[in-house]
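So the chains spell out like this:
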Amino acid sequence: MPPRRSHKKSRAGCRRCKARKIKCDEVHPRCGNCVKHGVACDFEHPEVLADLQAAAAAAAQTPSTPATTVNFGSPIVPSAGHLSLASAPLARPLPPPPMSTTTAPGHRLLELKLMHHYTVMTCKTFTFTAPVTEDIWKITVPNLAFSGSQHLADSILAVAALHLRSINPNDKEIVRASHAYMAASLEEYSATLNQGINHTNAEALFLTAALIAFQSTATRVFMKDEGLSINSSSTSSLSSDPSKRHQQPGCYAIPFTWFHSFQGVKAITAASWQYLRVSPVVTQVINSQAALQLDFRTGPETFFGHLLEGLEEELSNPPSCFDARVPLTSRPLPPPNSPDHISATRQAYQHAVAVLNWAHKIPHKGAPLAFPATVSKRFIELLEERRPRALAILACFFALLKSLDGVWWLQGMARREVLGVVSLFNSDFFGPDAYRKWWPHLEWAMRIALFEPERDGNGQQGGMPIPPEVWGSDWFAEERALEEQGREQGDYFGHIELLSQMSSAVNSIPTVPEYAAMMAGARGQGGR
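Note that this is a predicted model, so its numbers are computed, not measured.

Observations concerning the overall build of the protein chain
Link 1 in the chain: Tallying secondary structure elements over the protein chain gives 24 helices and zero strands in all.
Link 2 in the chain: Across the 528 residues in the protein chain, those meeting the buried criterion constitute 51%.
Link 3 in the chain: When the accessible surface of the protein chain is summed, it comes to about 25,600 Å², and 56% of that surface belongs to carbon and sulfur atoms.

As for the confidence of the model for the protein chain
Link 1 in the chain: Looking at the protein chain, the pLDDT average stands at 73 and 63% of residues meet or exceed 70.
Link 2 in the chain: Within the protein chain, helix 23 (residues 503-506) has the poorest average pLDDT of any element, 40, and helix 17 (residues 388-400) the best, 96.
Link 3 in the chain: Across residues 225-247 the pLDDT falls below 50, and counting only partners more than four positions away or on other chains, this stretch makes 39 contacts in the model.
Link 4 in the chain: Counting interchain partners and residues more than four positions distant, the pLDDT-below-50 stretch residues 491-513 has 44 contacts.

Points about helix 17
Link 1 in the chain: Helix length check: helix 17, at 13 residues, gives a terminal C-alpha distance of 19 Å against a target of 18 Å (1.5 Å per residue), a fit within 8%.
Link 2 in the chain: When you tally the buried positions in helix 17, you get 13 out of 13 residues, the bulk of the element.

Digging into the environment of Glu417
Link 1 in the chain: Along the polypeptide, Glu417 turns up in helix 18 (residues 413-425).
Link 2 in the chain: Glu417 sits in the buried class, given a relative accessible area of 0%.
Link 3 in the chain: Between the alpha carbons of Glu417 and Ala253 there is a distance of 9.4 Å; along the sequence they are 164 residues apart.
Link 4 in the chain: Reaching out from Glu417, the side chain makes a polar contact with the side chain of Arg220 at a distance of 2.7 Å.
Link 5 in the chain: Side chain to side chain, Glu417 and Tyr252 meet in a polar contact 2.4 Å long.

Description of the packing of aromatic side chains
Link 1 in the chain: This structure, assessed with the given rule, holds 19 aromatic pairs.
Link 2 in the chain: Each ring, one from Phe126 and one from Trp137, has its centre 5.7 Å from the other, and the planes form 75 degrees; the classification is edge-to-face. Note that Phe126 is positioned in the loop between helix 4 (105-120) and helix 5 (134-146) and Trp137 in helix 5, a separation of eleven residues in sequence.
Link 3 in the chain: Owing to a relative accessible area of 8%, Phe126 belongs among the buried residues under this scheme.
Link 4 in the chain: By relative accessible area, which is 5% here, Trp137 ends up buried.
Link 5 in the chain: Aromatic pair Phe259 and Phe371: ring centres 6.4 Å apart, planes at 80 degrees, arrangement edge-to-face. With Phe259 in helix 10 (residues 256-271) and Phe371 in helix 15 (residues 370-374), this residue pair connects regions lying 112 residues apart in the sequence.
Link 6 in the chain: A connected cluster of aromatic rings, assembled from ring pairs, spans Trp258, Phe259, Phe262, Phe371, Phe379, Phe397 and Phe398.
Link 7 in the chain: The ring of Tyr349 is capped by Arg389, whose NZ or CZ atom sits 5.9 Å from the centre of that ring.

Looking at the packing of helix 8 (residues 202-221) against helix 18
Link 1 in the chain: Close contact between helix 8 and helix 18 brings their axes to 10 Å; oriented N to C, the two are set at 75 degrees. Taken together, the axis directions place helix 8 and helix 18 in an arrangement best described as roughly perpendicular. Listed contacts from helix 18 to Thr217, Arg220 and Val221 of helix 8 are Met413, Arg416 and Glu417.
Link 2 in the chain: Each residue belonging to the contact of helix 8 with helix 18 can be placed in one class, and the counts come to two nonpolar, one polar and three charged.

Here we look at the environment of Leu211
Link 1 in the chain: Secondary-structure assignment places Leu211 in helix 8.
Link 2 in the chain: Classification of Leu211 by relative accessible area gives buried; the value is 0%.
Link 3 in the chain: Note: C-alpha distance between Leu211 and Ile156 (55 residues apart in sequence) is 7.2 Å.
Link 4 in the chain: Residues in contact with Leu211, not counting those within four places in the same chain, are Phe126, Trp137, Leu152, Ser155, Ile156 and Val159.

Considerations on the pattern of salt bridges
Link 1 in the chain: Under the criterion given, the structure shown has eight salt bridges.
Link 2 in the chain: Note that Glu381 is salt-bridged to Arg378, the shortest N-O span being 3.3 Å. Taken as a pair, Glu381 and Arg378 lie in helix 16 (residues 377-384) at a separation of three residues, close to a single helical turn. Just as Glu381 is buried, Arg378 falls in that class too.

Considering the packing of helix 17 against helix 19 (residues 434-449)
Link 1 in the chain: Two numbers describe how helix 17 lies on helix 19: the axes approach to 8 Å, and their chain directions differ by 15 degrees. In terms of orientation, helix 17 lies roughly parallel with respect to helix 19. The handedness of the crossing between helix 17 and helix 19 comes out as left-handed. Along its contact with helix 17, which presents Pro388, Arg389, Ala392, Ala395, Cys396, Ala399 and Leu400, the element helix 19 presents Trp438, His441, Leu442, Trp444, Ala445 and Ile448.

Comments concerning unusual backbone geometry
Link 1 in the chain: Backbone geometry at Arg386 places phi at a positive 55 degrees, although glycine is not the residue there.
Link 2 in the chain: Taking the relative accessible area as the measure of exposure, Arg386 reaches 1% and is therefore buried.

The rules behind these values
- Numbering of residues begins from 1 in every chain and follows the order in which that chain's sequence is written.
- A pLDDT threshold of at least 70 governs which residues receive local features in this predicted model, and a stricter bar of 80 or more applies before side-chain atom pairs are shown or counted, although totals over entire chains, interfaces and linings include all residues.
- Excluded from the side-chain calculation are hydrogens and water; included are all heavy atoms of the structure.
- To qualify as a helix, a DSSP run of H or I must reach at least 4 residues; to qualify as a strand, a run of E must reach at least 2; elements of each kind are numbered from the N terminus.
- A 1.4 Å probe rolled over the protein chains alone gives each residue an accessible area, and that area as a share of the maximum for its type sets the label: buried under 20%, exposed over 50%, partly exposed in between.
- Areas reported here follow the Shrake-Rupley algorithm with a probe of radius 1.4 Å; residue values treat only the protein chains shown as occluding.
- In predicted models, pLDDT denotes the confidence assigned by the predictor to each residue on a 0 to 100 scale.
- The contact criterion used throughout is that any non-hydrogen atoms of two residues lie within 4.5 Å.
- Here the expected span of a helix is defined as 1.5 Å times the quantity of residues minus one.
- Identification of polar contacts relies on pairs of N or O atoms within 3.5 Å, with a donor-acceptor requirement for protein atoms, meaning one able to donate a hydrogen and the other able to accept it, and with residues adjacent in sequence counted only if both atoms are side-chain atoms.
- Pairs were defined over the aromatic rings of Phe, Tyr and Trp, the Trp ring being its six-membered one, requiring ring centres within 6.5 Å. Orientation was assigned from the angle between planes: stacked under 30 degrees, edge-to-face over 60, tilted for the rest.
- Put simply, a charge is over a ring when the Lys NZ or the Arg CZ is close to the ring centre, within 6 Å, and near the line of the ring normal, within 35 degrees.
- Convention adopted: a line fitted to C-alpha atoms gives each axis, helices being fitted over their contacting stretch, and angles between N-to-C directions are expressed from 0 to 180 degrees.
- Each angle gets one of four labels, with under 35 degrees taken as roughly parallel, over 145 as roughly antiparallel, 65 to 115 as roughly perpendicular, and the rest as oblique.
- For this scheme, ten residues count as nonpolar: Ala, Val, Leu, Ile, Met, Phe, Trp, Tyr, Cys and Pro. Four count as charged, namely Asp, Glu, Lys and Arg, and the remainder, Gly too, count as polar.
- We define a salt bridge as a side-chain nitrogen of Lys or Arg found within 4 Å of a carboxyl oxygen belonging to Asp or Glu.
- Left-handed describes a crossing whose near helix is turned anticlockwise from the far helix through less than a right angle; right-handed describes the clockwise counterpart.

Next comes the structure, spelled out in structure tokens:
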């Protein structure tokens, strides 16, 4: 038996760490564990520990009064709505000091730094395809947070922390802040969803959903440091998580949390459209997006039509080899050979390919980001089942993100994710013939993912698009053609208005309870 590694014991740790029997890093004025969990540390206020405990006990019995202003310190010191030790005052009643005592000075400075960074830099990275909405993200969204929307405030700070983390990846304070604010925003957001959507919170919930989608995408960028594959230490959780039962150690992990967060924007929009449709803020954000103009032709005349080759044969002979590996879903599915199930699968593939064809024409307008938000629930189930056709479509979607490689929260994603998806075809999961059979459908995605654009004198990627002969289309020529069609078909707002009246379209959207459950699962990951 190998000898135990030597380690330094913590003998001067804070009382909270001692009570929990965990090692304290003894950092003053607040130890790392207390900062991570967003609770008060007696290093900072040793003289009021007894008062804090008494106040917390009283708060647990008395409903708290909602704050009239947003307390940006919720991940570090939760707001009054949280019944925790940290929700009590941090000092005995004293004459009003010149500064607020709701948040420690160091944390106030951190939050000011994050908010400043958001308004000066981060908000502009959301509007690279629609500059007209810059004032909304820069001014209107923070003002909505200031009016009492805690989940929106925490989401703003979380995205700003992630942006700063991309600039200073070794800043541990920023890394901790990014995790803490993400966890806090998800918790508040899920709690608000469970209470119900109404005219007073619909606008803030929609904007928070959008920021959570940015969070989930940006978090994926840092997975190169935290691991993209399932490691052996995480296998113990696979049996308890239905969405992971088919995954094996060392395999590439599909970013389902990212899909769920983008689907959440769709779910919130559908559930609260009666309120959002009269919101000038949401209307402007929605109409700033390129309107979907889908071509459902399935032949070779469309760029990604080849991804549907052999579909009817596959549907008539469903691959039984996947039956033992299909994860259990949260809702019952019809039998694999039933007409309803076959029709849902066909439509899921055809719709996903149609979105790819549209996004391929105008990727520089942010069109590829519509894919995770607009694909159907059935398509996500096909990804969970690891169907080769669904994975080939996924690889092409990730390749489209190469056109947005200059955006910090998408940087390097095309190369990393395409290589990850293709690695599944080389694994033992599909057998020796899968790679040879599906390579013609993966070749374009690999070529784009590995493409190296020209760089300027400073080594930075230039602003020129990928050449048409490499990409397969001329972005600007296609944009002009789609603009002509768009004048006849209407804007994005009109599309949503039409879909809201179609029961078949509404049925393809996850319900708010389903989405709330997804966010509850994501909350555990966001707090790591």
